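# Commentary on secondary and tertiary structure
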Amino acid sequence: MGEAAIEARGLVKSYGEKRALDGVDLDVARGSVCALLGPNGAGKTTAVRVLTTLTDPDAGTATVAGCDVIADPLGVRRNIGLAAQDATVDELLSGRENLVLVGELRALGRKRSRARADELLRQFALIDAADKLVRDYSGGMRRRLDLAATLVARPSVLFLDEPTTGLDPRGRNDLWEVLDTLVAEGTTILLTTQYLDEADRLADDIVVVDHGRVIARGDALSLKRQVGGDQLHVVCSNHADVARTAELVATVAGTTPSVDEAARTVWTPVDDGVRLLGQLAQALTTAGIAVDDLSLGRPTLDDVFLTLTGGRAEHEAAA
Amino acid sequence: MIGSLGATWVIAKRGLVHMRRQPEALADATIQPIMFVLLFAYVFGGAIGVPGGGSYREFLMGGIFAQTIVFSAFGVAIALSTDRKNGAIDRFRSLPIPRSSVLSGHAVASLIRSILPIVLMSIAGVIVGWRIHRGLPYAISGYLLMLAFSFAMIWLGVMLASLAGTPEAVQGIAFIVLFPLTFVASTFVPVTTLPVVLKQIAIWNPVSSVANSLRLLFGNPGGVGPPGSSWPQLHPVTYSVLWIVAIVIVCAPLSVALYQRSIRS
């Protein structure tokens, strides 16, 4: 109960001069979904490789499903499934053969491997292509087979390295739905992604990494708060009204709003956005100002990300 | 958890299925050795004399066997580096199987794979006029020597894969290493025809001694050098066995270590 499925402290891994991981801590609660979010080269894949025992960290410790990645790699491997970045299914085997191979290596025996393979092929809508060679599969089918292969032995912790890269929107939605099912069954998932909407959609916790370091963590809402509150946003119908609108916004929000004359836009950051939105709407109506748009913008995860990584870049430039 | 032998066999079976489904690899193991037998027997055969007389086609077979076995090192190197490139090795390594079983699975598959060309070449050889002239024990010893040499060459292949990395690099290095190794030898021509430096290399080249051993064991011409020849020429079987043992003792642990290091990044 409450025990962490993944726990990492101070992970460091260098490749030559480059520090792929530079002191990463992670805590993923059992049954939860954690997204490692970051650009290419941020260290996401290296983190997955260390946690799945494919590579040893230079420093730091980590346990997965209660097993130490350095002292007990086999224990870790018994409890995990890994879907690497490019679906590493075997092109020269059929879908069924791929799953049976993994089943046999997982010591299920031939008969149980075949039964489990059939079950998964059906679950992932691959049963009609079961005996086709994987080299004739589409990208989406490969991904599904890859995910199915990680599930052969029903692992308790699943690592998915950029699971939806290269999928079309439909394939992405299908995969998300499969992951929902797994989460409902209690599987712990650590996934990496470059897509903010994906992290937002799937994860309970988001860990933002850049240059091998964790630069922010929390759920989507708390990350958005880190960037700041809401933005109140008014677009006037007429140029003549812009100045008066700015005065109204200043009065209502108690701030000095930004103004873009050409776009007839006035905006300002606010703390208590919803209440102020109502007040401002009333004030504008009373003043007889016609507006094209009046909205309350919440920062997207994109804003979060740009703020966080941009801030770091500036910091580095200054240093 | 699955044992070492079980995992090795599962991965070996996969390697054999791969060979069946890759026309290029299958051609390397089937058409190429047959083509070599026919080419050398009919195209070069007339122009190359065998010292002490005897049929060139009979002389040729020991050499072609040896050469084909050396090239099997290339097969395992390509298979391993391809597995690494497309992530299969990582997938295996994320499974609870003994660390060594990926490598041993590939080795077993290669060893089994090397039987096919040996059988096909034997048949092709018989068709062009090659015969085994000594008794069954010698013939069996000859084939066992081929398997032992295959086994040694597999470790050379593993080393090649670990050093080269990508399948393309393996191809490049293999071309540079394996061609001179198999041609500067008594595989296709008697060493007496070679210029002096190459001749010394050829005499001490293990590929020569394996070829000569097979000729000796099968009772074909060119097996043992005339009196006064260098030691390897006079004792080809002993010299070959020494090489095979040395390659396995040195290369196997070294190539395993190199391989483990190369995948642990």
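Nothing here was measured: the structure is a model prediction, and the numbers come from that model.

Right, let's talk about the nonpolar core for a bit. A:Ala35, A:Leu51, B:Ala73 and B:Ala77 are the most contacted members of the largest nonpolar core, which totals 143 residues. With 17 residues, helix H4 (residues 56-85) of chain B is the largest single contributor of residues to this core. Membership of the second largest hydrophobic core comes to 14 residues, among which are A:Val234, A:Ala253, A:Val266 and A:Leu284.

In this complex, chain A contributes 21 residues to the contact, which on the side of chain B involves 21 residues. Within the residue set of the side of chain A that touches chain B, elements represented by two or more residues are helix H2 (73-79), strand S6 (80-83) and helix H3 (95-105) of chain A. Class assignment for the residues of the side of chain A that touches chain B results in 11 nonpolar, 3 polar and 7 charged.

This next bit is on the environment of B:Val37. Residue and element names in this part refer to chain B. Inspection of the secondary structure puts Val37 in helix H3 (residues 31-44). With 87 residues separating them along the chain, Val37 and Ala124 place their C-alpha atoms 6.9 Å apart. Leave out the neighbours within four places in its chain, and Val37 touches Ile64, Met121, Ala124, Gly125 and Val128.

Looking now at H3(B). Residue and element names in this part refer to chain B. Over its 14 residues, H3 extends 19 Å from the first C-alpha to the last, a length consistent with the 20 Å expected when each residue adds 1.5 Å. Taken as a whole, H3 has its buried residues at Pro33, Phe36, Val37, Phe40 and Ala41. Down the axis of H3, the sector holding all buried residues measures 110°, keeping them to one side. Opposite the buried face of H3, at more than 90 degrees from it, the exposed residues are Met35, Leu39, Tyr42 and Val43.

Before going further, it helps to spend a moment on the packing of helix H7 (residues 136-164) of chain B against helix H8 (residues 167-183) of chain B. Residues and elements named next belong to chain B. The contact between H7 and H8 brings their axes to 9 Å, and the two run at 125°. Here H7 is positioned oblique relative to H8, judged by the angle of their axes. Here H7 runs over H8; the crossing is right-handed. Contacts between H7 and H8 involve Leu160, Ala161 and Ala164 on the former and, on the latter, Ala169, Val170, Ile173 and Ala174. Taken together, the residues that form the contact of H7 with H8 break down as 7 nonpolar, no polar and no charged.

Residues and elements named next belong to chain A. Tracing the backbone shows Gly38 in the loop between strand S3 (33-37) and helix H1 (44-51). In the structure, Gly38 is positioned 171 residues away from Val209 in sequence and 5.1 Å away in space, judged by C-alpha atoms. Those residues within four positions of Gly38 in sequence are excluded, and the remaining contacts are Lys44, Val208, Val209 and Asp210.

On to the sheet that holds strand S8 (residues 188-193) of chain A. Residue and element names in this part refer to chain A. One open sheet holds the 6 strands; their spatial order is S6-S7-S8-S3-S9-S10, and the pairing between them is mixed. Each edge of the open sheet is held by one strand with a lone partner, namely S6 and strand S10 (213-218). Between one strand axis and the next, the sheet turns by 15° as a mean value, whatever way the strands run. The pairing of S6 with strand S7 (residues 157-161) spans 4 bridges and is parallel. Bridge pairing links Leu82 to Phe159 in S7. Packing of H1 onto the sheet brings it into contact with S3, S7, S8 and strand S9 (205-210), and relative to S7 it is tilted by some 150°.

A few words now on the domain arrangement of chain A. Many analyses report the size of an interface as the accessible area lost when the parts associate. Here chain A is described as being made up of domain 1 (4-89 + 137-225) and domain 2 (229-297). Distance from the C-alpha centre of domain 1 of chain A to the C-alpha centre of domain 2 of chain A: 43 Å.

Take the pairing of strand S1 (residues 4-15) of chain A next. All names here are of chain A. Note that S1 and strand S2 (residues 18-29) share 9 bridges and pair antiparallel. Within S2, the residue paired with Tyr15 across the bridge is Lys18. Hairpin connection of S1 to S2: 2 residues between the antiparallel strands, including Gly16 at a positive phi of 65°. One ladder, built from 5 bridges, connects S1 with strand S4 (residues 59-64); its direction is antiparallel. Paired with Arg9 across the two strands is Thr61, which belongs to S4.

Residue and element names in this part refer to chain A. The strand order S12-S13-S11-S14 describes an open sheet built from 4 strands, whose pairing is antiparallel. Edge positions in the sheet fall to strand S12 (258-260) and strand S14 (291-297), since each has one partner strand and no second. Sheet twist, expressed as the mean angle between neighbouring strand axes with direction ignored, is 15°. Direction of pairing for strand S11 (residues 230-236) relative to strand S13 (residues 265-270): antiparallel, over a ladder of 6 bridges. Across the sheet, residue Gln231 finds its bridge partner in S13, namely Pro269. In this fold helix H9 (residues 242-253) packs onto S11, S12 and S13, with an angle of close to 10° to the strand it touches most, S13.

Criteria and thresholds
Residues numbered from 1 in each chain as written. Chains lettered and ligands numbered in written order. Predicted model: local features only at pLDDT ≥ 70, side-chain atom pairs only at ≥ 80, totals over all residues. Core = buried A, V, L, I, M, F, W, Y, C linked by C-beta atoms within 7 Å. Buried ≥ 20, exposed ≤ 12 C-beta atoms within 10 Å, placed from the backbone. Helix = DSSP H or I, 4+ residues; strand = E, 2+ residues; numbered from the N terminus. Contact = placed C-beta atoms within 7 Å. Nonpolar A, V, L, I, M, F, W, Y, C, P; charged D, E, K, R; others polar. Expected span 1.5 Å × (residues − 1). Arc of directions from axis to C-beta. Axes fitted to C-alpha atoms, helices over the stretch in contact; angles between N-to-C directions. Parallel < 35°, antiparallel > 145°, perpendicular 65-115°, else oblique. Left-handed = near helix turned anticlockwise from the far one by under 90°. Pairing = 2+ DSSP bridges. Domains from an automatic or database assignment.

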